[in-house]
Amino acid sequence: MATRIIINGKEITNPLTRTLLILSAILITTLVTAGVIFILLPIIGIAVTLSIGFILVFFIASIVSMISLALMTFISSKYFGTTEFRIERIHRKRY
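Residues numbered from 1 in each chain as written. Predicted model: local features only at pLDDT ≥ 70, side-chain atom pairs only at ≥ 80, totals over all residues. Heavy atoms only, no water.

What follows concerns the overall build of the protein. On a plain count of helices and strands, the protein comes out with 2 helices and 2 strands. Helices and strands appear in the protein in the N-to-C order β-β-α-α. The buried share of the protein, taken over its 95 residues, is 8%. Here the analysis covers contacts within the protein between residues at least 6 apart in sequence; of these, 28% occur between residues at least 24 apart. Just so you have it, the protein exposes about 8,500 Å², and 71% of that area is on carbon and sulfur atoms. (Helix = DSSP H or I, 4+ residues; strand = E, 2+ residues; numbered from the N terminus. Buried < 20%, exposed > 50% of the residue type's maximum accessible area, 1.4 Å probe, protein only. Contact = heavy atoms within 4.5 Å. Areas by Shrake-Rupley, 256 points an atom, 1.4 Å probe, with all protein chains shown as cover.)

Attention now moves to the environment of I55. Among the secondary structure elements, I55 is positioned in helix α2 (residues 48-80). Sequence spacing of I55 and L31 is 24 residues, and the spatial spacing of their C-alpha atoms is 9.5 Å. Discounting chain neighbours no more than four positions away, the residues touching I55 are A34, I37 and F38.

Bringing helix α1 (residues 15-43) into the picture now. The first and last C-alpha atoms of α1 sit 42 Å apart over 29 residues, in line with the 42 Å expected at 1.5 Å per residue. Of the residues making up α1, those classed as buried are I26, A34, I37 and L41. Its side-chain oxygen at 3.2 Å from the backbone nitrogen of L16, N14 defines the N-terminal cap of α1. Two residues or fewer past α1, G45 is found with a positive phi of approximately 100°. (Expected span 1.5 Å × (residues − 1). Polar contact = N/O pair within 3.5 Å; in protein donor to acceptor, adjacent residues only side chain to side chain.)

A word on the confidence of the model for the protein. Here the protein averages 76 in pLDDT, while 78% of its residues score no lower than 70. Within the protein, strand β1 (residues 5-7) has the poorest average pLDDT of any element, 75, and α1 the best, 82. (pLDDT = per-residue confidence, 0-100.)

In structure tokens form, the structure reads like this:
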């Protein structure tokens, strides 16, 4: 699987750094979700035990979605070859 992580125009090639970036993204997402659920749901009157259940459901769902995305990327790259997606600005100012 050819996943490219590019930060400020430079590609990250170190596998440890790539793994740490991915795990930190998962951790930040989990912390933001936990913060919102533990603050917002008790304010509107839902019990904290339900909040813990919601956090577990969201965490497990995000892990399963990442695994399925990686698996589908691997399968599609085996069938159709490597694919690269780029997002570029269409209307660039020309000076």
